[in-house]
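The residues making up each chain are set out below.
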Amino acid sequence: MDKTADIAIIGSGIGGASLAYSLADSGRRVVILERGEHLRDSPEARDDTAIFEKGFYRSTEEWLGTDGESFLPGNYYHVGGNSKFFGAVMYRYRREDFAPRQHMGGMSPGWPIPYEDLEPWYERAERVFKVRGDVSQDPTEPPHANPYAFPAVPDEPSIVKVRERLRRVGLHPSSLPLAVDIDEWLRAARTGWDAFPNTGQGKIDAEVGPLTEALKYPNVTLLTGANVIRLETDASRQRVTAAIFVKDGIEQRIEADIIAVAAGAVQTAALLLRSSSDTHPRGLANGSDQVGRNFMNHNTTAMLAIDPFSPNASVYQKTIAFNDFYNRDPETGFPLGNVQLLGHITGNILKANTPLLPRWLTHLIARNCYGWFLTSEDLPNPESRVTIRDGRIVMHWVRSNMDAHETLTRRTRTVMRRAGFPIVLTRTFGRKTTSHQCGTARLGNDPASSVVSPDCRSHEIPNLYITDASVLPTSAAVNPSLTIAALAIRAGVAIKESTI
């Protein structure tokens, strides 16, 4: 059974859903193809043992490392994409992230547009994701034309004390910008939301926010269980004409005037590479040979700050961060990164991550620990890339800027001890931990060194758009979700104004 549409969007994660939201009022027939299904509620949805120890929601998909070993990347395939499990942090990139700047591990190339060009689209994204925050607390916060529409998610009493401890040692703790309705989240169960599946309305993920708004329009349709395997072009090879997908074991096609790929940084690159032909031997939209290259993946560390005399009674915990080392380390002068709270680490979550420790000990540690997530920028490198081998995804992440990340870890450990946490434990995530994947089809003005224009339109195939983390030319050192959404909304307006 073949289908037709004016615009076909591949993927319903943050990029695809935000694009659909932006296009919904155009009157054009928009069909969203999602390989997964709706994430249904179940007792396991708020069970930390089922989620973290038993891997109830863990995908069985495997990718290959360049060492030939398979690994589980931890991606999720549901309506709403990976955002169904995200931490709901919706930072704007800092103004400085848009300009070229020197890092400890090399040069960040910056963006072809300044922060000011994206500011109004950030605001639109914040509104559809109902972001809670306070623009007055963080010295690195870029200018906002208007304040957040909702006040920040409140600190719990234990976190109020942590915030004050950090202030006393000279830091500037600030409220995280969060796409969370805390009352709605806690109504289902008293747990954190970080890495928990969103089976209700508590997290405003891609499904709850922009996709729900888009589907209010009769011209927008969602097709689930539709795994797109390749794209086809017309006889001229200058226009993409159809997406071929498998649903219920049957190969089908959808023809569209415009196709937008938003399958995620790795899957989007893989789809374009698999869509090679005699005219496009290196893959579709890949005349620059940049598709799959410049893969970035934040350098991250989990830190436990423990005070044996200060019990942590929080439920959700994840409300504050500090960016005192983000733009400039006072000792080296280099930018280092972001430090934000994790969701509350329970004894069962700690047990899942330290299986050799007895459960009584993980529960004892969890009573007095505060979990932090440290993020440093990974720099683009054309040799850091996604390729296809015998139909399988091969990941070759060339890690960069680790000196900066190790410096951030040392600085944070020092301030935690000064703040009264004498025991500080850390674990830096390895090369096969895929967090905040981005950069495999980067945007730019030069078709020789980029894949899409600043409007997310392919340089090579004028009716092909890419609206996910693939297009990010830099990774910055904050969660990329809001930037993806802002770019996708902006692309939607460009599509509505185009004559394609």
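Look above for the structure.
The paragraphs below set out a description of the structure included in this document. (Residues numbered from 1 in each chain as written. Predicted model: local features only at pLDDT ≥ 70, side-chain atom pairs only at ≥ 80, totals over all residues. Heavy atoms only, no water.)

**Let's talk about the overall build of the chain**
Scanning the chain from N- to C-terminus turns up 11 helices and 19 strands. For the chain, the C-alpha atoms occupy an extent of roughly 70 × 50 × 50 Å along the three principal directions. Looking at the 500 residues of the chain, the share that counts as buried comes to 61%. Considering only intrachain contacts with a sequence separation of at least 6, the fraction spanning at least 24 residues in the chain is 72%. As displayed, the chain offers around 18800 Å² of accessible surface, 51% of which is attributable to carbon and sulfur atoms. Charged side chains in the chain number 55 positive and 57 negative. The centres of these two groups are separated by 4 Å. (Helix = DSSP H or I, 4+ residues; strand = E, 2+ residues; numbered from the N terminus. Buried < 20%, exposed > 50% of the residue type's maximum accessible area, 1.4 Å probe, protein only. Contact = heavy atoms within 4.5 Å. Areas by Shrake-Rupley, 256 points an atom, 1.4 Å probe, with all protein chains shown as cover. Lys, Arg positive; Asp, Glu negative; His and termini not counted. Charge placed at Lys NZ, Arg CZ, Asp CG, Glu CD.)

**Structural notes on the pairing of strand β15 (residues 369-376)**
Of all eight residues that make up β15, eight are buried, and the element is covered over most of its length. Across the two faces of β15 the burial is the same, with Cys 369, Gly 371, Phe 373 and Thr 375 and Tyr 370, Trp 372, Leu 374 and Ser 376 all buried. Relative to β15, strand β14 (residues 338-341) runs antiparallel, the two being bridged by four bridges. Opposite Asn 338, over in β15, you have Thr 375 as the bridge partner. (Pairing = 2+ DSSP bridges.)

**Considering the pattern of salt bridges**
Two side chains of opposite charge can pair, provided their charged atoms sit close to one another. Taken as a whole, this structure holds 26 salt bridges when the rule is applied. Two residues, Glu 116 and Arg 95, come together in a salt bridge whose shortest N-O distance is 2.5 Å. Of this pair, Glu 116 sits in helix α3 (residues 115-128) while Arg 95 is found in the loop between β4 (70-71) and β5 (101-103), placing the two residues 21 residues apart along the sequence. With a closest N to O distance of 2.8 Å, Asp 97 and Arg 101 form a salt bridge. Salt bridges linked by common partners bring Lys 84, Asp 205 and Glu 207 together as one network. (Salt bridge = Lys/Arg side-chain N within 4 Å of Asp/Glu carboxyl O.)

**Notes on the side chain of His 405**
Considering the arrangement of structural elements, one finds His 405 in helix α10 (residues 402-418). We classify His 405 as buried; its relative accessible area is 1%. Aside from chain neighbours lying at most four places away, what touches His 405 is Asn 299, Thr 300, Thr 301, Leu 374, Thr 375, Ser 376 and Thr 428.

**What about the sheet that holds β4?**
Judged by pairing direction, the sheet is mixed, and its four strands sit side by side in the order β4-β3-β17-β16 without closing on themselves. Either end of the sheet is taken by a strand with one partner, and the two such strands are β4 and β16 (385-389). Summarising the sheet, β16 and strand β17 (residues 392-396) pair through five bridges and their orientation is antiparallel. Along β17, the bridge assignment pairs Ile 388 with Ile 393. Docked against the sheet, helix α7 (residues 265-274) engages β3 (63-65), β16 and β17, running at close to 45° with respect to β16. (Axes fitted to C-alpha atoms, helices over the stretch in contact; angles between N-to-C directions.)

**A closer look at helix α11 (residues 481-497)**
Residues spaced three or four apart along an α-helix face the same direction, because each turn holds 3.6 residues. Look at α11: 25 Å from first C-alpha to last across 17 residues, which is about the 24 Å you get at 1.5 Å a residue. Among the 17 residues of α11, 15 are classified as buried, and the element is accordingly described as predominantly covered. (Expected span 1.5 Å × (residues − 1).)

**Observations regarding the side chain of Ser 175**
Relative to the assigned elements, Ser 175 resides in strand β7 (residues 174-175). Taking the relative accessible area as the measure of exposure, Ser 175 reaches 10% and is therefore buried. A polar side-chain atom of Ser 175 sits 2.9 Å from a polar atom in the side chain of Arg 163. Setting aside its immediate chain neighbours within four residues, Ser 175 contacts Gln 137, Ala 152, Arg 163 and Thr 319. (Polar contact = N/O pair within 3.5 Å; in protein donor to acceptor, adjacent residues only side chain to side chain.)

**A look at unusual backbone geometry**
Phi angles above zero are rare outside glycine, and Asn 401 is one such case at about 60°. Along the chain, the position of Asn 401 falls in the loop between β17 and α10. Given the relative accessible area of 5%, Asn 401 is considered buried. Positive phi outside glycine occurs at Cys 456, with the angle close to 70°. Within the secondary structure layout, Cys 456 lies in the loop between β18 (423-428) and β19 (464-466).

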